[in-house]
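Fold and contact review
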Amino acid sequence: CRNAGKLPNSAVSLFIQKGDTSTIWFLADVTNSGNVDTVKYWLANTAMPGSPNPRVRLLYRQINHNKPMGSNLGVTEFRIQYFDAFGDEIQTPFGAPNQAQYIVLTVRMEPVAAYNSDYSSNFMMWRQTRLVSRNLSR
């Protein structure tokens, strides 16, 4: 969102809509139109067809009700943990907006095609902790 101040208060206070361990729905203005969009990210349940690495799966993004778009980035893990304002982990799946105050997102990427058939030693792990939503009131 180019200007978060232009989003309606309802979007700001209900930023994370629902989620589970590998899927998240949230509100944002990804088109920079001033309108609130619903964005969903998730990792495919099955291996990517034709990929030499059997652990690689498509990472999908869907905006509103448009067709989901998948990308082959070599993602093998896309895990999300949700926490309330007290730091207690929220059991998933949850479907009530305003429950999650922050998240821990873990992404693991491996080569789509390995050198000498070795995938296990060539990987990148990224973890972002506590992506705080603006409705956090501590």
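Residues numbered from 1 in each chain as written. Predicted model: local features only at pLDDT ≥ 70, side-chain atom pairs only at ≥ 80, totals over all residues. Heavy atoms only, no water.

Observations regarding the packing of aromatic side chains
To keep it simple, the criterion reads: Ring geometry is summarised as follows: Phe, Tyr and Trp rings, the Trp one being its six-membered ring, pair when their centres sit within 6.5 Å, and such pairs are stacked at plane angles under 30 degrees, edge-to-face over 60 and tilted between the two. Helix numbering and strand numbering both begin at the N terminus, where a helix is a DSSP run of H or I of at least 4 residues and a strand a DSSP run of E of at least 2. Relative accessibility thresholds used throughout: buried, under 20% of the residue-type maximum; exposed, over 50%; partly exposed, between the two (1.4 Å probe, protein chains only). To sit over a ring, a charge needs its Lys NZ or Arg CZ within 6 Å of the ring centre and within 35 degrees of the ring normal.
Considering all chains together, one arrives at 4 aromatic pairs under this definition. The interplanar angle of 5° and the centroid separation of 6.2 Å between the aromatic rings of Phe26 and Tyr41 together place this pair among those described as stacked. One end of the pair, Phe26, is in strand S2 (residues 23-28); the other, Tyr41, is in strand S3 (residues 37-43), and 15 residues separate them in sequence. Classification of Phe26 as buried rests on a relative accessible area of 15%. With 5.3 Å between their ring centres and 15° between their planes, Phe83 and Tyr102 make a pair best called stacked. On the criterion of sequence distance, the pair formed by Phe83 in strand S6 (residues 75-83) and Tyr102 in strand S7 (residues 102-109) is long-range, its members being 19 residues apart. For the residue pair Phe83 and Tyr102, the accessibility class agrees, reading buried in each case. Just above the ring of Trp25 sits the side chain of Lys18; from NZ or CZ to the centre is 4.7 Å.

Observations regarding the confidence of the model for the chain
We count it as follows: Every residue carries a pLDDT, the predictor's confidence in it, which falls somewhere between 0 and 100.
In this model, the chain carries a mean pLDDT of 80, and residues with pLDDT of at least 70 account for 72%. By mean pLDDT, the top-scoring element of the chain is strand S4 (residues 59-63) (95), and the lowest-scoring one is helix H1 (residues 9-13) (56).

Digging into the sheet that holds strand S1 (residues 16-20)
In any sheet, the strands associate via hydrogen bonds between backbone groups, in a parallel or an antiparallel arrangement. Put simply, the rule reads: When DSSP finds two or more bridges between two strands, those strands count as paired. Angular values range over 0 to 180 degrees, each being the angle between N-to-C directions of two axes fitted as lines to C-alpha atoms, with helices fitted over their stretch in contact.
Read from one edge to the other, the open sheet built from 5 strands follows the order S1-S2-S3-S4-S5, with strand pairing classed as antiparallel. Pairing within the sheet leaves two strands with one partner each, and these edge strands are S1 and strand S5 (69-71). Geometrically, the sheet is characterised by an average inter-axis angle of 20° between neighbouring strands, direction not taken into account.

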